[in-house]
4 protein chains.
Amino acid sequence: MVVVMQEGALDHQIQHVIDRLVAMGFNVHRSTGETHTVLGAVGVRTDFDPRDIELLDGVREVVRITQPYKLASRHFRPEGTVVEIGKGVRIGGQEVVVAAGPCAVESSDEQGLKFMRQAADKNGLYVVSEVMDPSQITLMLPYVDMLQVGARNMQNYHLLRALGETHKPVLLKRGMSATIEELLLSAEYIMSGGNYNVVLCERGIRTFETSTRNTLDIAAIPVIKKLSHLPIIADPSHGTGRRDKVAPMARASVAAGADGLLIEVHNDPEHALSDGAQSLFADQFAQLMNELRMIAPAVGRRIG
Amino acid sequence: MVVVMQEGALDHQIQHVIDRLVAMGFNVHRSTGETHTVLGAVGVRTDFDPRDIELLDGVREVVRITQPYKLASRHFRPEGTVVEIGKGVRIGGQEVVVAAGPCAVESSDEQGLKFMRQAADKNGLYVVSEVMDPSQITLMLPYVDMLQVGARNMQNYHLLRALGETHKPVLLKRGMSATIEELLLSAEYIMSGGNYNVVLCERGIRTFETSTRNTLDIAAIPVIKKLSHLPIIADPSHGTGRRDKVAPMARASVAAGADGLLIEVHNDPEHALSDGAQSLFADQFAQLMNELRMIAPAVGRRIG
Amino acid sequence: MVVVMQEGALDHQIQHVIDRLVAMGFNVHRSTGETHTVLGAVGVRTDFDPRDIELLDGVREVVRITQPYKLASRHFRPEGTVVEIGKGVRIGGQEVVVAAGPCAVESSDEQGLKFMRQAADKNGLYVVSEVMDPSQITLMLPYVDMLQVGARNMQNYHLLRALGETHKPVLLKRGMSATIEELLLSAEYIMSGGNYNVVLCERGIRTFETSTRNTLDIAAIPVIKKLSHLPIIADPSHGTGRRDKVAPMARASVAAGADGLLIEVHNDPEHALSDGAQSLFADQFAQLMNELRMIAPAVGRRIG
Amino acid sequence: MVVVMQEGALDHQIQHVIDRLVAMGFNVHRSTGETHTVLGAVGVRTDFDPRDIELLDGVREVVRITQPYKLASRHFRPEGTVVEIGKGVRIGGQEVVVAAGPCAVESSDEQGLKFMRQAADKNGLYVVSEVMDPSQITLMLPYVDMLQVGARNMQNYHLLRALGETHKPVLLKRGMSATIEELLLSAEYIMSGGNYNVVLCERGIRTFETSTRNTLDIAAIPVIKKLSHLPIIADPSHGTGRRDKVAPMARASVAAGADGLLIEVHNDPEHALSDGAQSLFADQFAQLMNELRMIAPAVGRRIG
């Protein structure tokens, strides 16, 4: 951590800051410049609120040096992580994985997971389903291949901790107002429990622009690729909220380097139980797949 | 315009609103529902501030029906507009146009435009340069093929009006905090002066995310394609501010349907006069062009 | 609902929209203007996704007329709601209520609530504590006077529904990226279960400005006062995240018409378990209370 | 400047960064920690793009230590600045100054300034008027007491430079998407030309919330008070865009410590030339003044 003192900070103010840092267990190195004094603080504390120092008299700014996540950082596994779903799908490898399907299971609620599992097994497919609460995990584990954490639960630490104790792959969606760093911190939280099978998902952030439901932050894909070893996929259906914008944003995501896509498709979107407006018709989806097959090689990939 | 009255609005409140609308020159149609009264107002006024009605007692909401732009709307020219630059480049046609070069002319200021013109003519290139002030237009016209309006000037109406009186193609950049509708309104402003040669440019908006300098709103590309007939290009250099993010976002833009790209390239970015950090090295640019050539056919285009 | 067709929409497109609306149970009124056709649709459906109509060919825009909340709207109870906490505190009345205390109970976790209850009873105070999960409600009910829904749970509908089934006052915090309308929709959700004792809380939204942790949206106070009958309080501690900004924003909130304040105070903020940096020292709090007592009469209130 | 290298950065990468910094004229201090190497760079360069270093291999982050503004910083004049308007008004002193009037001069355009000057002189008032272009300055100087830079021109450096060469007080409005730091940088730009008579103005930023035209960032007032010695006033009329929200936000601004207010008042707002919807009626303004007179003493001020 680096503490930058204000221009003209008084000696006793500087000394007070040093004392506080030492009391917190840091080793402090003082560097006195022409205009500013800068304190370097080295230590092991991670449960530390930088504002506690920032508010001391004479302090201008506190800069954390250590990245707040370790397990999720690219440095931890420079070659990148491949997450295996079931026995056949690998996310983060050379293939770009396209997950398609309806948003909700449209049948008897209690039996939904079971039916989904049976349908998947019969057709050689895999099941990803959203988990809302730690209490649902045990129930869901036998039926799903991947557990999804929705955008609203990205910082639900009870849920993240419980998922860290399983070995099931987790699809972690970025919160609508979460920074990329906060997304990686949530991934770190799951990983610190022992579950490294985390796939990140960009699904749009809230901005002042209202033409689309959210602003799909495509740049998050290359940014995350550099900062982290975890696979990153995109959800253009929720990211735009409108069927006619899904294909362009799906193509853009693959062109930007996404490891996969989450796309809502429905055999009859106009009568879908939910979010029909953002579901592709089957023939639109088929055409999109053709386009993606042409784009993937430009980034050294192929469509899975 | 539709005026929605509050639930329980009183009769004399409704009558006052009707009177005001009539006094403003609107024809009013009253529709009384079970819970709400809704007033439809038809008229020719365009210089109208809907808040004047919204603030009247008993009014809940005023909804404008007429799109605030006409010349820039897709309906005005459903087949789309192709803007010709010089004698050879067509933006908005089947070819995706890639404009590359340094951000600033790095030589004697006064002679800069002249040198640029000469260099362009010698090499069969075209010149686009930013205009900051109406007084510069006459000076610049002989030397440039296209006049660029920077993001900060997107709503500088003095400048837009002056550009409307020329026939020179205009590259209109989206302001950092401008909605898509506001961008189209600025285009309308230029077009209403008689100059229809307007090319729009998405270059990133300001959001809470700070990993990139701005958030390049790629979805703006298909949104604008639907709303307007004007060509839309993307500027991934300013949109990301970092060289290593330019190529992914350039590819994403083309995959999303952009009519062109504005890319900063420099033979020695580390010593560039400005914005070297977002300029590609020549070999990076060459590789990007190869990638774009593979992507363009997926959207029925080719690279120009 | 009003459906605005595009300029030049074709007759069969208009007819298709009408047919869809009728099939959905709406009565449709068609109004044909010089440039636009506008359809008014009246019906009882509330579980309706306007995008389903918006995406039909020829449609430009769909405008919902009915406010999406009823119980929470000012019209439902024009005189305003007063929520009683315990037997002595009334939020929404003439007194501005200031709730002060530490953010976390700093003692044995399991016994925390019990101790808090005992301490409150002994000193004639009241207890408000955050509920994270429906399963905690039964446990907490005997010990607390008010249940708080944190910003991250504002749209946790499981939790909201469970709270609607109690009669305990609920303090509902605005989510960091939630609009005012979304906050009122969450209140509606609780109220539709039968629990009308809801107090809203503005605690800052996420914007591009990073000088403060969040941007406390003070204007939300008068906006909510007009739209809803529910009391609205402000949380300047979380809204700014810094002790030295708490007092100015607390004063501003009262001056803008807030019904109360939530302020973190700690006898030793520098050693607080959490959020010490945003906790006032006891003497700062005393001074703030003096200032608030001078401001309240300017808005016809007094400090409780 | 502090350069934080990535965990595991290679020696030759570190050496390359050091070489680049030295070539740029910096003195470099290397500090090797257990996990990170940190480079401290001291030097005089201010025209420096930190991204140039950030993009070098092995670099994780570049942190600027020196505040990018000096003349505008609180340290430059710890006691605060008072800007005198004409011979009687002092902004930044003990009095809170309320500037009220119509937004536009509603009479013959060319003679507007002259009439405004005459009316002001006759009534002992002062004139503040917006300047859009450097060419207008000379013309305006004899007639106005203060030149206003509108939000859209906050970063129009041509204009700022020209204003720096006058001695006329400048009212600098914060841009709709400008950070507080950027506002202070613009003030610095004017001051570096020799004109220290700068008054800052908060007038709302663009966020996702649309209930008000902009989100008036009241916290900017105490933040600027700490960072800078310049007076800061608020514009609740443009900040909210609606008459019924002006008074609450005006009160909130004074309670938060604003040095003044800019309020639109009109004798007939419903027929105002522009922005009538955000103009107070005369009696509303009189009532607001009474309220402000009660609030000001709470912050040790009085209304001027």
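Refer to the preceding data block for the structure.
Rules of the game
Residues numbered from 1 in each chain as written. Chains lettered and ligands numbered in written order. Predicted model: local features only at pLDDT ≥ 70, side-chain atom pairs only at ≥ 80, totals over all residues. Heavy atoms only, no water. Salt bridge = Lys/Arg side-chain N within 4 Å of Asp/Glu carboxyl O. Helix = DSSP H or I, 4+ residues; strand = E, 2+ residues; numbered from the N terminus. Phe/Tyr/Trp six-rings, centres within 6.5 Å; stacked < 30°, edge-to-face > 60°. Least-squares fit on C-alpha atoms with pLDDT ≥ 70 in both. Contact = heavy atoms within 4.5 Å. Buried area = accessible area lost by both parts, 1.4 Å probe. Polar contact = N/O pair within 3.5 Å; in protein donor to acceptor, adjacent residues only side chain to side chain. Pairing = 2+ DSSP bridges.

### So, the pattern of salt bridges
Applying the stated criterion across every chain, the model contains 76 salt bridges over all chains. As a salt-bridge pair, A:Lys173 and A:Asp235 come within 2.6 Å of each other at their nearest N and O atoms. Of this pair, A:Lys173 sits in strand S10 (residues 170–173) while A:Asp235 sits in the loop between strand S12 (232–234) and helix H8 (236–240), and the two are 62 residues apart along the sequence. Ionic pairing is found between D:Asp259 and D:Lys225, a salt bridge with its closest N-O pair at 2.5 Å. Taken together, the residues D:Asp259 in the loop between helix H9 (243–255) and strand S13 (260–264) and D:Lys225 in helix H7 (residues 220–227) connect sequence positions 34 residues apart. Through salt bridges with shared partners, a single network forms among A:Glu54, C:Arg242, C:Asp244, C:Lys245 and D:Lys226.

### Observations regarding the packing of aromatic side chains
Residues and elements named next belong to chain B. Inspection of every chain in the model, using the stated rule, returns eight aromatic pairs over all chains. Their ring planes at 45° and their centres at 4.8 Å tell us that tyrosine 157 and tyrosine 189 sit as a pair that is tilted. One end of the pair, tyrosine 157, is in helix H5 (residues 157–164); the other, tyrosine 189, is in helix H6 (residues 180–191), and 32 residues separate them in sequence.

### Description of the relation of the copies chain B and chain A
Take chain B, turn it by 180°, move it 0.0 Å along the axis, and it overlays chain A with an RMSD of 0.0 Å. Read as a symmetry element, the transformation amounts to a two-fold axis. Minimal C-alpha separation from the rotation axis in chain B is found for B:Ala252, amounting to 2.0 Å.

### Quick notes on the interface of chain D and chain C
Tallying the contact residues gives 35 residues for chain D and 35 residues for chain C. Counting the surface lost from both chain D and chain C, the interface buries some 2800 Å², and carbon and sulfur atoms represent 71% of this. Counting across the interface, chain D meets chain C through four salt bridges. A salt bridge links C:Glu209 to D:Arg174; the nearest nitrogen and oxygen atoms lie 2.8 Å apart. Summed over the shared surface of chain D and chain C, the result is eight residue pairs in polar contact (both at pLDDT 80 or more). Elements supplying a minimum of two residues to the side of chain D that touches chain C: H7, H9 and helix H10 (282–295) of chain D. For the side of chain D that touches chain C, the leading source of residues is H9(D), giving seven residues.

### As for the environment of D:Val98
Residue and element names in this part refer to chain D. Mapped onto the elements, valine 98 comes out in strand S7 (residues 95–101). Considered as a pair, valine 98 and leucine 230 are 132 residues apart in the sequence and their alpha carbons are 17 Å apart. Residues contacting valine 98, with those up to four places away along its chain left out, are Leu261, Ile263, Phe285, Met289, Leu292 and Ile303.

### Some details on the interface of chain B and chain A
On the side of chain A, 35 residues touch chain B, which itself brings 35 residues to the contact. Between chain B and chain A, the buried area comes to about 2800 Å², and carbon and sulfur atoms account for 71% of it. Counting the surface chain B buries against chain A, the share from its top three residues, B:Phe208, B:Glu209 and B:Ala298, is 19%. Viewed at the interface, chain A and chain B are joined by four salt bridges. Residue B:Asp244 pairs with A:Lys226 through a salt bridge whose shortest N-O separation is 3.3 Å. At the surface where chain B touches chain A, the tally comes to eight residue pairs in polar contact (both at pLDDT 80 or more). Residue assignment for the side of chain B that touches chain A shows that the elements contributing at least two residues are helix H7 (220–227), helix H9 (243–255) and helix H10 (282–295) of chain B.

### Here's the deal with the environment of D:Glu79
Summarising the element assignment, D:Glu79 is placed in the loop between strand S4 (59–63) and strand S5 (83–85). Taking the C-alpha atoms as reference, D:Glu79 lies 7.1 Å from D:His229; in sequence the two are 150 residues apart.

### Quick word on the pairing of strand S2 (residues 27–32) of chain A
Within a regular beta strand, the side chains point alternately toward one face of the sheet and then the other, so they alternate between its two faces. Residues and elements named next belong to chain A. With six bridges connecting them, S2 and strand S3 (residues 37–42) associate as antiparallel partners. Residue pairing across strands places threonine 32 opposite threonine 37, the latter belonging to S3. Connecting S2 to the antiparallel partner S3 that follows it, the hairpin turn spans four residues.

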